[in-house]
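What follows is each chain in one-letter form.
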Amino acid sequence: MGDDSEWMKLPIDQKCEHKLWKARLNGYEEALKLFQKIDDEKSPEWSKYLGLIKKFVTDSNAVAQLKGLEAALAYVENAHVAGKTTGEVASGVVNKVFNQPKARAKELGLDICLMYIEIEKGEAIQEELLKGLDNKNPKIIVACIETLRKALSEFGSKIISLKPIIKVLPKLFESREKAVRDEAKLLAVEIYRWIRDALRPPLQNINSVQLKELEEEWIKVSSAVPRQTRFLRSQQELKAKFEQQQAVGGDADGGGDDEEETVPQVDAYELLEAVEILSKLPKDFYEKIEAKKWQERKEALEAVEVLVKNPKLESGDYADLVKVLKKVVGKDTNVMLVALAAKCLAGLATGLRKKFGQYAGHVVPTILEKFKEKKPQVVQALQEAIDAIFLTTTLQNLSEDILAVMDNKNPTIKQQTSLFIARSFRHCTPSTLPKSLLKPFCAALLKHINDSAPEVRDAGFEALGTALKVAGEKAVNPFLADVDKLKLDRIKECAEKVELVYGKKTGGAAEKREGKPVAGKTAALPGPGGDKETKDAATKAGPLKKASAVKSGVPPKKGKPAAAAGAGGAGAKGKKGPETKEIFESELSMEVCEEKAAAVLPASCIQQLDSGNWKERLACMEEFQKAVELMERSEMPCQALVRMLAKKPGWKETNFQVMQMKLHIVALIAQKGNFSKTSAQVVLDGLVDKVGDVKCGSNAKEAMTAIAEACQLPWTAEQVVATAFSQKNPKNQSETLNWLSNAIKEFGFSGLNVKAFISNVKTALAATNPAVRTSAITLLGVMYLYVGPPLRMFFEDEKPALLSQIDAEFEKMQGQTAPTPTRGISRHSAGGGDDGEEEEQEEVGNDVVDLLPRTDIGDKITAELVSKIGDKNWKIRKEGLDEVTSILNEAKFIHPNIGELPAALKNRLNDSNKILVQQTLSILQQLATAMGPNIKQHVKNLGIPVITVLGDSKNNVRAAALATVNAWAEQTGMKEWLEGEDLSEELKKENPFLRQELLGWLAEKLPTLRSVPSDLLLCVPHLYSCLEDRNGDVRKKAQDALPFFMMHLGFEKMAKATGKLKPTSKDQVLAMLEKAKANMPAKPAPPAKSSSRVVGGTAPAKFQPASAFADDLGSNTMESKPDPKKAKAGGLSSKTKGIQGKKVLSKPNLKEDDDKSGPIFIIVPNGKEQRMKEEKGLKVLKWNFTTPRDEYIEQLKTQMSTCVAKWLQDEMFHADFQHHNKALAVMIEHLESEKDGVISCLDLILKWLTLRFFDTNTSVLMKTLEYLKLLFNMLSQEEYHLTENEASSFIPYLILKVGEPKDVIRKDVRAILNRMCLIYPASKMFPFIMEGTKSKNSKQRAECLEELGCLVESYGMNVCQPTPGKALKEMATHIGDRDNTVRNAALNTIVTVYNVHGDQVFKLIGNLSEKDMSMLEERIKRSAKRPSAAPVRQTEEKPQRTQNISANAGMMRKGPAEDMSSKLKIMYRTYRIQNRNMGSHSETTHTVPREFQLDLDEIENDNGTVRCEMPALVQHKLDDIFEPVLIPEPKIRAVSPHFDDMHSNTASTINFVISQVASGDINTSIQALTQIDEVLKQEDKAEAMSGHIDQFLIATFMQLRLIYNTHMADEKLDKDEIVRLYSCIIGSMITLFQIESLAREASTGVLKDLMHGLITLMLDSRVEDLEEGEQVIRSVNLLVVKVLEKSDQTNILSALLVLLQDSLLATASSPKFSELVMKCLWRMVRLLPETINSINLDRILLDIHIFMKVFPKEKLKQCKSDFPIRTLKTLLHTLCKLKGPKILDHLTMIDNKNESELEAHLCRVMKHSMDQSGKADKDTEKGASRIEEKASKAKVNDILAEIFKKIGSKENTKEGLAELYEYKKKYSDADIEPFLKNSSQFFQSYVERGLRLIETEREGKGRIAPSTGNTNGEEVGPSVYLERLKILRQRCGLDNAKQEDRPPLTSLLSKPTLPTVASSTDMLHSKLSQLRESREQYQHLDLDCNQTHSSGIGTTLASPSSAAANIDDLKKRLERIKSSRK
């Protein structure tokens, strides 16, 4: 039990993971207890188990698993976080639990799944269960089906989506396993319970036996509506309600509602798979359908019929198919085919549903026309088709077409149309059958019920009855006012028989509503429901939308008491108030009137009416007035009284007092009595006649107003105006119009007959009297208030002058709202007044537009025009479009009938020619205006394609498309656009342009809508994918649109829609939703008073939402999203601008000059502190972004508004950058004068400046930086310190600009950063700059690193934050950066730190990769200061380092056409720093002003370092430093700017290619090298490289160093790549060094570095290990020889001397290295005789002098090897020999020669040259040869074996022979016999022949002895080796007969190491005789002897004459030698 005790101690979660099952079991038990115990569902304890729950359910031990399942169930039930585990746990349950034999396990698994569903994870569970159905294990499948069934039965079909389940059902029925089939059957029964017959179609194709069984089961299913029995967590309220009902015992109360809850919402159509049929049409379908034979046409149609039988069709472009079917229906003579085509159309409509809507408008007129067919089968087919089509669209859309057919002469058409209307009405609800639709339909149907044909009458009754049933009497009665009782009863009878599609409920509601109005005048609205409907409908977006949107349930119009007993109506000329019978008062005769009048008036009064005395008449009037005042309404005989007044003299009364009285009485009667229109007609003529009267006019107007109130303004006004204009009196006309203007304001505009007025207004406008014209214009202004812009359309053709007056009047009215009506509402029903009014006004706009005189252009849209528009040739297409434009221009306003034009234009929208696309868009825009609201029917087929154009890549095309869409939406409103799937399909397309434009458009339109179609929900998934789109603009637009979607759909629906997203996406989207929820605007509220808002849907959209939005945004400008309609002025214009329109902008202009006088920054006490608090408390957004979003700009603007002058703020936030510049100029100007103000607003100023950093305009940026410099200077003078808040919201953005490509800007930013340290601690700056090093911009990284270096250098290690260690580690990571400048910056920075901090740096940096560490160490080693050795050097180096930055900046200041590309320069600078101190003592050498050293520094720093900080150098002529002019041959200057001037283009190209040579990427480098090689190989082009040689060589040895340090160490790199790179480098260098003119351009310093690189390479053992390594080393050998021969001899000699000195100094350098340098020197010595005249000896001697100074003799002798001292001596001897005493004249460059060891040495040599030369030669030669010998013997055999191997191989045979030749030449005693002995005779002779050939070849190639240093692969050999071959031949036993005449040299060649005296003497003898006799043939031989003796360090004379002077001397010496030897 020891084990047990161990795990017992573990915590629960660890036990659950233990490997012992007992431990786990115990763990699960404890976990279960724990889970049941934790009360808080959000306890952190739950999170511990997140990852473990899956293990709970998948435990491999069955016992433990059971307990694990119980624990998991408890977890899911109680833990808040459980949802996160859904996927993995469910999959575990399906795969590991459902296959368990134990029933309990399955049961628990099932419970867990159901519990997840309860916690809202239904979709994920369902997905896993459906995956489980594909499992191979039938147990699992059965369990999954059972779980699904259980879930459905408990949660219901709303939560468990049935579509995916039904999809897999047929497959389950096919299973081989009976258990699976049985379970599937149970599931099918359960599904049937919920959706009933919708399940039948999907299961039609299963096995007939199974289907039968199912049918039987289905019959047994109870018909009771199934109920949800288990509820989600979010449905707890529903659950409580349900339980409550259960307790009460049934559905007593809530039954109705509840039923609605659970009625299955499933539509069989939704469960079906869509079928694609267009591709399946027969290929020849379109030909066949046009065929002449009807049989062929029939075949074609039958094929379609079969396809459209599919119950659900895939959406696509069915336009062509519909077009041909329509043609068959309309034109085919064969009725059978007509019926067939109609069936096909019906099938299409049924299969496509809403998607067919766009074609409905085309087809319906044709079908209606075709109803003239009598054959029942055709009629039936047409009925089915039109009914199916009706369901795909709305009655609104079809109303035009239907009404057009109603007046057809053919009775069958009339009958069928009425029947169709009746059927259509059944599908409507009160809300989809508003008054605006009922009105025209009822009017048309009323004609039908009076038709002569009985069938037409019956159909009419049925249709009206249906309307009555659907909309209710209240809505329909007004239109039936003139119908007699019999017919009315008939209509009601029909209404009772009608059965509505939407069930009893609708009917019931309608009936209830019908009952109410009867109650009398106070009939209120039908409950709150009705009210709500009205509200919803009231403000729809675009103009013209409103009429269609108004719902029913609104009292009848015309402001009369709400209908009494249904009789009240609103006929076109409304009758009198319905409460008095006299409303239809008939005209009474004069007698009757007199009688009636006599009954109510005093007798005297009647008698005096026509008295001749005006006083009596006046008295009579007074009595009349009194009598009227006392009369009761009911007993007042209005008509009689007015007729009495009109009685002679009537309106011709001459006395104005009597007349005034009379008019007043008319007003009284109208007010007090039941005044009918009949009465009114009696008086109106007289009133109008007096309206213009000066004295009586006002009374006349008063009377007219009273009559208007009694008889309704519309009727009265019409009468009055007609009367006025039938007269000639202009005064009356103008006053009538004035009265009308006022009356409209008092009564409102409802019901006015605009058309009648407009014709009169036009007459008035044409009047000659100006007063009439003025009144007319005023009236138009008033009408404009109500009608809006469409009013202007009527006057387009007026004269321009008049039109401008009208426009001016309209302009005045702009922005005003119509006044609330004060009259005409007194008799409205109390409750419904407003709404009635509102609805009236709603229609005004529509009416106006309907009244426009429209032209029918249908006949102008010919087939020819349509084919033109579709022509292949774009010019013809353009012609077609031009024609359309001109047709529209002529017509102005058109009828909606435009034939085939829509299809033709639609195709042009995706024309390849963008100009035509734009033209089409402008035509569509024109079309919208011309057609007005009727354009609605084209939204689907033309509007949506325009939206597709929003995805165009061209900006201008998108803008045109947007303008078009807006023009359309203005006419149609938004509903049509949002209905159906079209918009969501567009949004689904992954086109970033389309998405951002469309979302932007929606964000603009949605906030203005009060309700939207439910189809908007379809866009949501695509909106979510836009939120995560790759394109930033799309994401932004989607975020902007989010709140507006939410405003209509609600948070819940939106959140639910995230269910389908991936978990990561879901979390992000939910977070955004939460954010949007906070910013969600309220829906636009319905205006309180109807006419206080802009009435008439046509009013410009900008008025409508303004009020709602202004409230919304005004209150919290900060949080809410920007106003969608705000002017997008550079993203800066404020919301307020958007709302108030012009007002805001115009303000500053009023008093611009006065405004600018005050201070620009206003000091607000504690303002800054307050802002900081707000930001800390997150009340405002924290200033932190990658690019500034609108909300930041808005926030800043709001904050600034209090403390910045208004005019300046306008400049600061203007869209145009020039205004920003102005603002900055002003700020600079005021900086000094307003210091306190600036400081008080500093945080805002800095924030604003950060916004400017994101501007693309350089001038703004420069100005900003200029301001910043001045600002920080001022702040440091004021000793101000930046606050944390100011720093953190500014510095990061400033640092972004350090990476700017322009040098000027970078420089400024660096300067500003330096200044900032004065007002903000450097240690706090440090982290910001450190953050900048993480940028993606390499320039920024490099600059930031350099800046960090400066900070450390200036402020010490303490600035490094958070700790020096962390900071340095961070910096060091950049040593491995891929960008070279960044690497160098990082290295330089760390070197700076090293210089400040010493070796501790390495500890702080921590572990670096080997590569990085080696780079760093080397850099530190190269640039370290060593004060002990040479203080001078230290002083020289200090400024170098401190000015590193300024030098860098200086370098960057130079333009691009400079002598070296800047990238290379940086690299070279770095390289020079590295190589500056190669050995420990090299400082001393640097104190000497060596030309090349200076020169290089000059390139590097551009004299930048030579500034006043340079200390005086000890013991030097400073002139040398300051006047580089004096330097002899400054070769590197050859690369001068003039060169660039000559080849500016080529030069920059070459610079670029060369800079690539040093690239870290091998391939780039190889490419560059190849390009350079090509240039060099072409003679004509090679010249272009002139001036770039040093640059090229620098790049090359940089690359060599890179390979050596980096690539070779890189394990991952393929070594073949490296070999390729080597061979390219060496190849291009060899090519270069074969061109002598270019080779000579290489300068000393560069050659030194190059030789260093090449020798290092030769010694690199790693290269030898490579396959091709030896080949590489051989090529390098060859290259070295070329370099030595071809470069400028002075430079190379100088370089070698310096290199030797450096290598001897460097302790790290290997002795091998120095040896190879010396071998190169020996080679040079051998070349001296030929090159001595071209050498600048002064420079060489200076170098030797320096060498000897560093290495005095004593020191040299201490060297391990005596090579160096010998080399030096040999060189000097050779020079002495070649120049003689003149050599001493070349010491000019050495200061104080007397102290120079060199001079003494030379003198000595000259003195003893005769005596010593021989000995010296021998000494040196002996040592050298011995070494050679040792070396050779060790390897002889190996080498020879290798050589013979090569000769034997085909490829390398020549190379082998050459090597053998060289080898023999070098080791003449080598024995090659053994190798030849075993080979064939042929091979032996081949070798011989080859060697001989090589010898002959090389005979002409000069006399250069082989260098011992570079033997391999050499191709140069002197002629004298002919002799050597001879000896070889002898030794091999070959024939030498022909060359016997040559003296044998065996002894000399075979034993060169033991020279005899004789040979030496012979040599001198022969020299003398040669001088004397000048015998050519011996000359070769002797030279050879001499050279062989000296073994490569020989001293050959350049020419016989040079030593002639000393012949006697020589003779004497020769004699001496001879005697001494004897």
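Residues numbered from 1 in each chain as written. Predicted model: local features only at pLDDT ≥ 70, side-chain atom pairs only at ≥ 80, totals over all residues. Heavy atoms only, no water.

Regarding the overall build of the chain
Now for step 1: A tally of regular secondary structure across the chain gives 107 helices and zero strands.
Now for step 2: Relative to its 2022 residues, the chain shows a buried fraction of 55%.
Now for step 3: In the chain, once contacts between residues fewer than 6 apart in sequence are set aside, the share between residues at least 24 apart is 75%.
Now for step 4: Element-wise, carbon and sulfur atoms account for 52% of the exposed surface of the chain, whose accessible area totals about 89900 Å². (Helix = DSSP H or I, 4+ residues; strand = E, 2+ residues; numbered from the N terminus. Buried < 20%, exposed > 50% of the residue type's maximum accessible area, 1.4 Å probe, protein only. Contact = heavy atoms within 4.5 Å. Areas by Shrake-Rupley, 256 points an atom, 1.4 Å probe, with all protein chains shown as cover.)

A word on the confidence of the model for the chain
Now for step 1: Summary statistics for the chain give a mean pLDDT of 75 and a share of 76% for residues scoring 70 or more.
Now for step 2: Overall, residues 1425–1461 carries pLDDT values under 50, and its contacts beyond four positions in sequence, including any with other chains, amount to 73 contacts.
Now for step 3: Every residue in residues 1523–1543 is under pLDDT 50, and counting partners more than four places away or in other chains gives 36 contacts. (pLDDT = per-residue confidence, 0-100.)

Points about the packing of helix α32 (residues 590–600) against helix α35 (residues 638–646)
Now for step 1: In the contact formed by α32 and α35, the axes pass within 8 Å of each other and the chain directions differ by 105°. One element, α32, and the other, α35, form an angle in the roughly perpendicular class. Contact residues: α32 offers Met590, Cys593, Glu594, Lys596, Ala597 and Val600, while α35 offers Ala640, Leu641, Arg643 and Met644.
Now for step 2: For the contact of α32 with α35, a count of residues per class yields seven nonpolar, no polar and three charged. (Axes fitted to C-alpha atoms, helices over the stretch in contact; angles between N-to-C directions. Parallel < 35°, antiparallel > 145°, perpendicular 65-115°, else oblique. Nonpolar A, V, L, I, M, F, W, Y, C, P; charged D, E, K, R; others polar.)

Some words on a negative patch on the surface
Now for step 1: The grouping of Asp1614, Asp1616, Glu1667 and Glu1668 at the surface amounts to a negative patch.
Now for step 2: Residue placement: Glu1667 occurs in the loop between α92 (1661–1665) and α93 (1669–1686). (Patch = residues over 30% accessible without salt bridge, like charges linked within 9 Å, V, L, I, M, F, W, Y side chains within 5 Å. Salt bridge = Lys/Arg side-chain N within 4 Å of Asp/Glu carboxyl O. Lys, Arg positive; Asp, Glu negative; His and termini not counted. Charge placed at Lys NZ, Arg CZ, Asp CG, Glu CD.)

Topic: the nonpolar core
Now for step 1: Counting residues in hydrophobic clusters, the biggest one holds 102 residues, and the most contacted among them are Leu1593 and Ile1744.
Now for step 2: Top contributing element to this core by residue count: helix α95 (residues 1711–1731), with eleven residues.
Now for step 3: Residues contacting Ile1744, with those up to four places away along its chain left out, are Leu1697, Leu1768, Leu1771, Leu1772, Leu1775 and Leu1798.
Now for step 4: Ranked by size, the runner-up nonpolar core spans 92 residues in total, among them Cys1344, Ala1372, Ala1386 and Val1401. (Core = buried A, V, L, I, M, F, W, Y, C linked by side-chain atoms within 4.5 Å.)

Here we look at helix α94 (residues 1689–1705)
Now for step 1: The terminal C-alpha atoms of α94, which comprises 17 residues, lie 24 Å apart, in line with the 24 Å expected from a rise of 1.5 Å per residue.
Now for step 2: Counting buried residues in α94 gives 16 out of 17 residues, a clear majority hidden from the surface.
Now for step 3: For α94, the capping residue at the N-terminal end is Asp1688, with a side-chain oxygen 3.1 Å from the backbone nitrogen of Thr1690. (Expected span 1.5 Å × (residues − 1). Polar contact = N/O pair within 3.5 Å; in protein donor to acceptor, adjacent residues only side chain to side chain.)

Brief notes about the side chain of Asp1243
Now for step 1: Looking at where Asp1243 falls in the secondary structure, it is placed in helix α67 (residues 1242–1253).
Now for step 2: Relative accessible area serves as the criterion here: at 2%, Asp1243 is assigned to the buried category.
Now for step 3: Here Arg1171 takes part through its side chain, which lies 2.8 Å from a polar atom of the side chain of Asp1243.
Now for step 4: Once residues within four sequence positions are removed from consideration, Asp1243 is found in contact with Lys1168, Arg1171, Asn1285 and Glu1286.

A short note on unusual backbone geometry
Now for step 1: Of note, the phi angle at Gln712 is positive, near 75°, even though the residue is not glycine.
Now for step 2: Unlike most non-glycine residues, Glu1279 shows phi in positive territory, near 55°.

Regarding the packing of helix α21 (residues 357–370) against helix α23 (residues 395–406)
Now for step 1: Two elements in contact, α21 and α23, have axes separated by 9 Å at closest approach and are oriented at 15°. Taken as axis vectors, α21 and α23 run roughly parallel relative to one another. For α21 against α23, the interelement crossing comes out right-handed. Where α21 approaches α23, its residues Ala360, Gly361, Val364, Pro365 and Leu368 are matched on the opposing element by Leu398, Asp401, Ile402 and Val405.
Now for step 2: Here the contact of α21 with α23 is built from residues that sort into seven nonpolar, one polar and one charged. (Left-handed = near helix turned anticlockwise from the far one by under 90°.)

Side note on the state of the cysteines
Now for step 1: For the coordinates displayed, the defined rule picks out zero disulfides.
Now for step 2: Note on Cys605: no disulfide assigned, nearest cysteine sulfur contributed by Cys620 at a separation of 3.7 Å.
Now for step 3: Given a relative accessible area of 0%, Cys605 falls into the buried group. (Disulfide = S-S within 2.5 Å.)

Examining the pattern of salt bridges
Now for step 1: For the structure shown, the criterion picks out 81 salt bridges.
Now for step 2: Between Lys647 and Glu594 there is a salt bridge, and its shortest N-O distance comes to 3.2 Å. Note that Lys647 is positioned in the loop between α35 and α36 (656–672) and Glu594 in helix α32, a separation of 53 residues in sequence.
Now for step 3: Look at Lys647 and you get partly exposed, because its relative accessible area is 25%.
Now for step 4: Since its relative accessible area comes to 31%, Glu594 is described here as partly exposed.

Section: helix α100 (residues 1853–1866)
Count 3.6 residues to each turn of an α-helix, and residues three or four apart come out pointing the same way.
Now for step 1: If you check α100, its first and last C-alpha atoms are 20 Å apart, about what 14 residues at 1.5 Å a residue would give, namely 20 Å.
Now for step 2: For α100, the tally of buried residues reaches eleven of 14 residues, placing the bulk of the element in the interior.
Now for step 3: Looking only at α100, the buried set comprises Thr1853, Gly1856, Leu1857, Ala1858, Glu1859, Leu1860, Tyr1861, Glu1862, Tyr1863, Lys1864 and Lys1865.

Brief notes about the environment of Pro637
Now for step 1: Relative to the elements of secondary structure, Pro637 occurs in the loop between α34 (614–630) and α35.
Now for step 2: Through-space distance from the C-alpha of Pro637 to that of Ala597 is 7.1 Å; in sequence the pair is 40 residues apart.
Now for step 3: Excluding anything up to four places from it in sequence, Pro637 contacts Lys596, Val600 and Met631.

Section: the environment of Lys139
Now for step 1: On the secondary structure map, Lys139 appears in helix α10 (residues 138–155).
Now for step 2: What makes Lys139 partly exposed here is its relative accessible area of 40%.
Now for step 3: Considered as a pair, Lys139 and Glu177 are 38 residues apart in the sequence and their alpha carbons are 9.7 Å apart.
Now for step 4: Dropping the residues within four chain positions of it, Lys139 is found in contact with Phe98, Asn99 and Pro101.

Quick look at the packing of aromatic side chains
Now for step 1: Under the defined criterion, the tally for this structure stands at 26 aromatic pairs.
Now for step 2: Taken together, a centroid distance of 5.8 Å and an interplanar angle of 85° make the contact between Trp1183 and Tyr1192 edge-to-face.
Now for step 3: Using a relative accessible area of 4% as the deciding quantity, one classes Trp1183 as buried.
Now for step 4: Take Tyr1192: its relative accessible area is 6%, and that puts it in the buried class.
Now for step 5: Among the aromatic residues, those joined into a ring-pair cluster are Tyr28, Phe35, Trp46, Tyr49, Phe56 and Tyr75.
Now for step 6: The ring of Phe656 has Lys695 sitting right over it, with the charged end atom 4.5 Å from the ring centre.
Now for step 7: A cation over a ring is seen here: Arg1662 above Tyr1604, with NZ or CZ 4.9 Å from the ring centre. (Phe/Tyr/Trp six-rings, centres within 6.5 Å; stacked < 30°, edge-to-face > 60°. Lys NZ or Arg CZ within 6 Å of the ring centre and 35° of its normal.)

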